[in-house]
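# Per-entry structural report
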Amino acid sequence: MSPEDHPPGGRAERVQKLLAAAGVASRRACEDLIAAGRVAVDGTVVSLGAKADPVHQIITVDGERIPTNPSLVYFLLNKPSGVVTTVTDPQGRPTVMDLLPGNPRVYPVGRLDRDTEGLLLLTNDGELANRLAHPRYEIEKTYVAQIRGPLKRHAVRALLEGVELEDGVARARGVRELGTAGDRTLMELVLAEGRKREVRRMLAAVNVPLERLARVRIGPLPLGDIAPGKFRPLNSAEVRALLKAVGMGERQPGEDRGGSRSDDVDSLNGSRP
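These numbers were taken from a predicted model, which means no experiment stands behind them.

## A short note on the overall build of the protein
Along the backbone of the protein there are seven helices and 17 strands. Taken over 273 residues, the protein has a buried fraction of 48%. Put simply, 69% of the contacts in the protein that link residues at least 6 apart link residues at least 24 apart.

## Overview of unusual backbone geometry
Between N103 and P104 the backbone carries a cis peptide bond, its omega angle lying at 0°. Tracing the backbone through its elements, the reader meets P104 in the loop between β7 (74-79) and β8 (107-108). Residues other than glycine seldom take positive phi values, yet D42 does so here, at roughly 50°. Structurally, D42 is set in the loop between β2 (39-41) and β3 (44-45). Positive phi is not limited to glycine here, since E138 has a value of about 50°. Tracing the sequence through the fold places E138 in the loop between α3 (126-133) and β10 (141-148). With a relative accessible area of 47%, E138 lands in the partly exposed category.

## A short note on the confidence of the model for the protein
Residues at a pLDDT of 70 or more form 88% of the protein, whose mean pLDDT is 88. Segment residues 252-270: pLDDT under 50, and 45 contacts once partners within four positions in sequence are set aside and those in other chains are kept.

## Considering the environment of V109
Within the fold, V109 resides in the loop between β8 and β9 (117-123). Measuring from C-alpha to C-alpha, the distance between V109 and N124 comes to 9.5 Å, with 15 residues separating the pair along the chain.

## Points about the pattern of salt bridges
Within the structure shown, the criterion is met by 21 salt bridges. For the salt bridge of E140 with R173, the shortest nitrogen-to-oxygen distance reads 2.9 Å. One end of the pair, E140, is in the loop between α3 and β10; the other, R173, is in the loop between β12 (168-170) and β13 (174-181), with 33 residues separating them in the sequence. For the salt bridge of E198 with R195, the shortest nitrogen-to-oxygen distance reads 3.7 Å. The exposure class of E198 is buried, given its relative accessible area of 1%. Among the ionic contacts, a cluster of salt bridges with common partners joins E166, D167, E193, R195, E198 and R201.

## Here's the deal with the sheet that holds strand β6 (residues 64-66)
In space, the four strands of this open sheet follow the order β3-β2-β5-β6, with antiparallel pairing throughout. Each edge of the open sheet is held by one strand with a lone partner, namely β3 and β6. Direction of pairing for β2 relative to strand β5 (residues 59-61): antiparallel, over a ladder of three bridges. Along β5, the bridge assignment pairs A40 with T60.

## Observations concerning empty space enclosed by the protein
If you walk through the whole model with that rule in mind, you get one cavity of 30 Å³ or more. What the largest cavity holds in volume is close to 40 Å³. Lining the largest cavity are Y74, V109, L121, T123, L128, L132, L234 and L242. Looking at the lining of the largest cavity, the elements with two or more residues in it are β9 and α3.

## Brief notes about the side chain of Q57
Here Q57 lies in the loop between β4 (51-52) and β5. By relative accessible area, Q57 is classed as buried at 6%. A polar side-chain atom of Q57 sits 3.4 Å from a polar atom in the side chain of D42. Of the polar contacts made by the side chain of Q57, one reaches the backbone nitrogen of D53; its length is 2.8 Å.

## Examining the environment of I147
You can see I147 is positioned in strand β10. Sequence separation between I147 and L213 is 66 residues, and the spatial gap between their C-alpha atoms is 8.9 Å. Residue contacts for I147: discarding those within four places in its chain leaves D183, R184, T185, M187, V208, P209, L210 and E211.

## Considerations on the environment of Q16
Secondary-structure assignment places Q16 in helix α1 (residues 15-21). By relative accessible area, Q16 is classed as buried at 8%. A sequence separation of 15 residues divides Q16 from E31, and the C-alpha atoms of the two residues are 5.6 Å apart. Each residue touching Q16, except ones within four places of it in the same chain, is listed here: R27, C30, E31, I34 and A50.

Conventions used here
- Residues numbered from 1 in each chain as written.
- Predicted model: local features only at pLDDT ≥ 70, side-chain atom pairs only at ≥ 80, totals over all residues.
- Heavy atoms only, no water.
- Helix = DSSP H or I, 4+ residues; strand = E, 2+ residues; numbered from the N terminus.
- Buried < 20%, exposed > 50% of the residue type's maximum accessible area, 1.4 Å probe, protein only.
- Contact = heavy atoms within 4.5 Å.
- pLDDT = per-residue confidence, 0-100.
- Salt bridge = Lys/Arg side-chain N within 4 Å of Asp/Glu carboxyl O.
- Pairing = 2+ DSSP bridges.
- 1 Å grid on protein atoms, 1.4 Å probe; cavity = no way out; pocket = protein on both sides within 12 Å on 5 of 7 lines; lining within 4 Å.
- Points joined across faces, edges and corners; volume = space filled by probe spheres on them.
- Polar contact = N/O pair within 3.5 Å; in protein donor to acceptor, adjacent residues only side chain to side chain.

Written out as structure tokens, the structure reads:
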């Protein structure tokens, strides 16, 4: 039975309207995509006039999943130093939740420790959050560190080859110097894990004196020029890029594609580099 016949859930809308609302293209251009046979709902190519439930059905264009569920939201926050990455804090310290509106309710994806700045994602999409935080998917995180003194070659080599920490060997995917100013050096590190305070512990293990640390990228998503303490919603293209990075960009019918899954997100007490 085609998606046009009996879309589930009773919340069906015309596919071209959903695609346009998701920022794919204008309504007319989305109609052209459908007419060209490039749009599918739950794996079935649809024709003009087809409807879909944006919450429970998967819409793809050229095989790429388009996020259409209006109940799922995604925010990028530039976390300032001194703010803790928790929903609540028993010590009364400021949390990242103080920087966002109370509704809709979202949760941080992993953690940045109190003194680390930079890119933090917050969402109510539990499946995406779990995959971004899980080491199995090897989502690279890029950090910029301000250190005291020069970045020495032996330290770079050790970080790339792996340093022994109390919870096992940790390796950087990439290390490079970005520039110097006086006796300060900026360096970039790329990791694909998410252990607690991992970057700080790695630098301490190779005797690199860290003064300041910021995360500037998660997978395909850069921090950009957003000011510390400010946030913005992700656009449709950014959400699609994250879905693709964790293997959710081309899900097949029958996979779990439920609602917000906030119970999953609430359990994410992941990395604190």
